[in-house]
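Residues per chain are reported as follows:
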Amino acid sequence: MPSVHISQSYRTLCTLPNELLYQIVSELVALTWKPEKSIKTCSLVCRCLRPICQELLFKNTKRLRFCEEESFHSALLFLQAQPKVSRRITTLELMGYVWGTVKSWPTITPNLLARIAGCLPQLRRLTLCHLRVDDDEAYLPLSILPAASDGRVPLQHLSFSMYAHDESSLSAILCIISLFKLDELEFNSSFHPRRILPSGTLSHALPTLHVRRMDSLCLHGAPLVAPFLRLLALYASSSHLQVIRVAFVDLESIRTLGDLLSGPARNIIELEIISPAPYAMVERQGWKDPLDEHWPSLRLSACSKLEALTLHIHMCLKAAEVPLCATPAALVSAVSSSLKTVTIYVDKVPAKNPSSLSDNRLMKLQAVNETLVVAGRFPHIQILKLYIRTSQSDLDAKSGYWNDCVAACKKALPAVHAAGRLKVERA
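Residues numbered from 1 in each chain as written. Predicted model: local features only at pLDDT ≥ 70, side-chain atom pairs only at ≥ 80, totals over all residues. Heavy atoms only, no water.

### Structural notes on the packing of aromatic side chains
Then comes step 1: Using the criterion set out here, one finds two aromatic pairs in the structure.
Then comes step 2: Relative to F78, the ring of F66 has its centre 6.0 Å away and its plane inclined at 65 degrees; by these criteria the two rings are edge-to-face. Of this pair, F66 sits in strand β1 (residues 63–68) while F78 sits in helix α4 (residues 73–81), and the two are 12 residues apart along the sequence.
Then comes step 3: Between Y345 and Y387, the ring centres sit 5.0 Å apart and the planes meet at 20 degrees, which makes this aromatic pair stacked. With Y345 in strand β13 (residues 341–347) and Y387 in strand β14 (residues 383–389), the pair connects residues that are 42 residues apart, well separated along the chain.
Then comes step 4: Here Y387 falls in the buried class, since its relative accessible area comes to 16%. (Phe/Tyr/Trp six-rings, centres within 6.5 Å; stacked < 30°, edge-to-face > 60°. Helix = DSSP H or I, 4+ residues; strand = E, 2+ residues; numbered from the N terminus. Buried < 20%, exposed > 50% of the residue type's maximum accessible area, 1.4 Å probe, protein only.)

### Observations regarding the pairing of strand β12 (residues 308–314)
Then comes step 1: For β12, the buried fraction is high: seven of the seven residues fall into the buried class.
Then comes step 2: Across the two faces of β12 the burial is the same, with A308, T310, H312 and H314 and L309, L311 and I313 all buried.
Then comes step 3: One ladder, built from three bridges, connects strand β11 (residues 270–274) with β12; its direction is parallel. Bridge assignment links L271 to a residue of β12, and that residue is L309.
Then comes step 4: For β12 and β13, the ladder comprises seven bridges, and the chain directions are parallel. (Pairing = 2+ DSSP bridges.)

### Overview of a nonpolar patch on the surface
Then comes step 1: A surface patch of nonpolar side chains, about 330 Å² in accessible area, is lined by L13, L16, L20 and I24.
Then comes step 2: Counting through the fold element by element, L20 comes out in helix α1 (residues 18–30). (Patch = residues over 30% accessible without salt bridge, like charges linked within 9 Å, V, L, I, M, F, W, Y side chains within 5 Å. Areas by Shrake-Rupley, 256 points an atom, 1.4 Å probe, with all protein chains shown as cover. Salt bridge = Lys/Arg side-chain N within 4 Å of Asp/Glu carboxyl O.)

### What to know about the confidence of the model for the chain
Then comes step 1: Across the chain, the average pLDDT comes to 78, with 79% of residues at or above 70.
Then comes step 2: Low pLDDT, under 50, characterises residues 139–149; the predicted model gives this stretch 30 contacts beyond four residues in sequence or across chains.
Then comes step 3: Across residues 197–201, where pLDDT falls below 50, the model places seven contacts with residues more than four positions away in sequence or in other chains. (pLDDT = per-residue confidence, 0-100. Contact = heavy atoms within 4.5 Å.)

### Section: the pairing of β14
Then comes step 1: Pairing geometry for β13 and β14, over seven bridges, is parallel. In the strand pairing of β14, V346 is matched with I388.
Then comes step 2: Pairing geometry for β14 and strand β15 (residues 422–426), over five bridges, is parallel. The residue bridging I388 from the neighbouring strand is R426, located in β15.

### With respect to helix α7 (residues 170–177)
Then comes step 1: Burial of α7 is extensive: eight of the eight residues sit out of reach of the surface.
Then comes step 2: Of all the residues in α7, the buried ones are L170, S171, A172, I173, L174, C175, I176 and I177.

### Considering unusual backbone geometry
Then comes step 1: Although it is not a glycine, R299 sits at a positive phi angle of roughly 50 degrees.
Then comes step 2: Residue placement: R299 occurs in the loop between α10 (291–294) and β12.
Then comes step 3: Looking at R299, the relative accessible area reads 36%, which means it is partly exposed.
Then comes step 4: Phi angles above zero are rare outside glycine, and K364 is one such case at about 60 degrees.
Then comes step 5: Turning to its location among the elements, K364 is positioned in the loop between β13 and α12 (366–372).
Then comes step 6: Residue classification places K364 among the partly exposed residues on the basis of a relative accessible area of 34%.

See below:
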């Protein structure tokens, strides 16, 4: 704990040892009705009491959130000044202030984040929110972090959450990811930096990225998907990447995901892919899933250890040229024999016609049924999960609506249902 130098000729309360000051403030606070407010008040009495009160205020804190307007250097200074507090922190959130429609965009760089993480030996979850991710002039974070033999910090969860400044740098994002040995990497809603790398190369040499689970479900509609997947294919470690959840809207994203799945991600065990459709049913007329024509570009056959595959189907008002389940059935047929679980989300089943789930022209769930029951094709298959997305108003609109949905699924998947491997639930 830092102490304030006081002249020996001028003795006051502050000349007492920090341990005694801590005990005095603790006893004083214990006598009050609002301990937290009392500690904050004491911290304003004298500058020598400020570090005492800070330690007392955060003595049981495991989660910290720093809201800044310009930069996060103040967060670094606080953590460096309070090592006892820093040693207990397991969850850290760095975010800019947000009020109404006005946002401040504090900047975080790989080197600054490395120094902050280096103060937190117990850090397990890190969230970056409402900020700008920028490059460093010199990239030296691995020499700063002492947490592991290779300089990386083990981290359960890293999230680039909510909104980020449009001028955030993809190269800086990759540098930040390289700081950690990650169990899970997540890109949350509306995170779409514009400063991407058209050449597919970085200005800084990166070590191999250690990411076990990549949850980028909310990247859809952004220009980040294809460049990020391309860079991940270059730098990700094939021995670490096990779970991928990704959404895309164009052929380039599908092809880059195929490069990843046939390269560093060939050993994954779980995969979820989505082609985001318009939200409103009336807007889906004429919409085509890019996977319908380009699903072979995913090269799923290269994933020899894939055990769980999750797909999404978006219902339409009228039958399309290709039945909605034709592509999911083709994707399942392309997977190796290690497959154990298939999960299909069906979005917005019409309340007036739940039997459309068994419609051979609109849905053709029968194609999935035929693929899964081929003798010897999937010896380890355990379950087919169907999650039906519907609203409470649809459930209330027609008596027995949900039972009709379940019955239609069982009718379309007779062999899977007979084998006791069908599970139908509300999403």
